[in-house]
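# A structural walkthrough
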Amino acid sequence: MIRYLSQIGKYFLMLKEVFNKPTKWSMMKQLIMKEIDDLVIGSLGIVAFISFFVGGVVAIQTALNLTNPLIPRYLIGFATRQSVILEFAPTFISIIMAGKVGSFITSSIGTMRVTEQIDALEVMGVNSLNYLVFPKIIALMLYPFVIGLSMFLGILGGWIAGVYGGFATSTEFQTGLQVEFIPFHVTYAFIKTVVFAFLLATIPSFHGYYMKGGALEVGKASTTSFVWTSVAIILMNYILTQLLLSK
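Residues numbered from 1 in each chain as written. Predicted model: local features only at pLDDT ≥ 70, side-chain atom pairs only at ≥ 80, totals over all residues. Heavy atoms only, no water.

Labelled according to an unreviewed UniProt entry, the protein chain appears under the name ABC transporter permease, originating from Flavobacterium suncheonense GH29-5 = DSM 17707.

## Remarks on the packing of aromatic side chains
Applying the stated criterion across every chain, the model contains nine aromatic pairs. Considering the side-chain rings of phenylalanine 88 and phenylalanine 92, the 5.4 Å spacing of their centres and the 35° angle between planes classify their relative orientation as tilted. With phenylalanine 88 and phenylalanine 92 both in helix H4 (residues 75-114) and four residues apart, the pair spans about one turn of that helix. Here phenylalanine 92 falls in the partly exposed class, since its relative accessible area comes to 39%. Linked through ring pairs, Tyr11, Phe12, Phe206, Tyr209 and Tyr210 together constitute an aromatic cluster. Over the aromatic face of tyrosine 209 sits the side chain of arginine 113, whose NZ or CZ is 4.7 Å from the ring centroid. (Phe/Tyr/Trp six-rings, centres within 6.5 Å; stacked < 30°, edge-to-face > 60°. Helix = DSSP H or I, 4+ residues; strand = E, 2+ residues; numbered from the N terminus. Buried < 20%, exposed > 50% of the residue type's maximum accessible area, 1.4 Å probe, protein only. Lys NZ or Arg CZ within 6 Å of the ring centre and 35° of its normal.)

## Things to note about the nonpolar core
With 54 residues, the main nonpolar core has Ile93, Leu140 and Tyr143 as its most contacted residues. Here the element with the most residues in this core is H4; it accounts for twelve residues. Excluding residues within four positions of it along the chain, tyrosine 143 makes contact with Ile93, Ser94, Met97, Thr193, Ala197 and Leu200. (Core = buried A, V, L, I, M, F, W, Y, C linked by side-chain atoms within 4.5 Å. Contact = heavy atoms within 4.5 Å.)

## Topic: a nonpolar patch on the surface
On the surface, Met1, Ile2, Leu5, Ile8 and Phe12 cluster together into a nonpolar patch covering about 600 Å² of accessible area. Inspection of the secondary structure assignment puts methionine 1 in the segment before helix H1 (2-18). The class of methionine 1 is exposed, set by a relative accessible area of 71%. (Patch = residues over 30% accessible without salt bridge, like charges linked within 9 Å, V, L, I, M, F, W, Y side chains within 5 Å. Areas by Shrake-Rupley, 256 points an atom, 1.4 Å probe, with all protein chains shown as cover. Salt bridge = Lys/Arg side-chain N within 4 Å of Asp/Glu carboxyl O.)

## A look at the side chain of serine 205
Relative to the assigned elements, serine 205 resides in helix H9 (residues 184-209). A polar contact of 2.6 Å, which involves the side chain of serine 205, links it to the backbone oxygen of alanine 201. (Polar contact = N/O pair within 3.5 Å; in protein donor to acceptor, adjacent residues only side chain to side chain.)

Here it is as structure tokens:
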């Protein structure tokens, strides 16, 4: 227990150091653009693929469970919308990103630690935490764009599966998308997304920056960072849902 508390305290001290002694903007701008390309644009393909097909699966499973002929078919669209916007896009995709983006961040920073590149930055008087972690935080502030795309493709996949699978007409599905729509649910999803983006940038960076050992330990640190990032995302998901949606 003491070890976990020590690690949590070390994490918050790292966050404080990240925002101290900033790197020159001319250099920081280049770092941010590189991180956007690696972390955000590089993730669009896998996010689009998973979102489209999971949206389709949600629509099909909903349709197959509507066995009572008295239940309106527009509920297929309603269930797809609610599932994708409230949980699938912001939370499920974030856990997948913890594996893809989180492991990449941990391994890249961990490799720099093993090869003593971080020590070289410190010797040159550079705040290595600001240099390495801050661009990742800024780049992942574009993460809501990825989740917005995931929402769109998830619902599109549900519509295609529902309509072309013969489970509902296009009009029925669109009616389900519109019925009892609460705009704040989208706001809630994007609030969660921003918090998850911060966790995705900082927790893997923490495990990569403070790792010790050689190449084998880099792999272990990547696994550990994925586990703890996923735990933090699920925990914050519960807290934010309780704060924002409970009455």
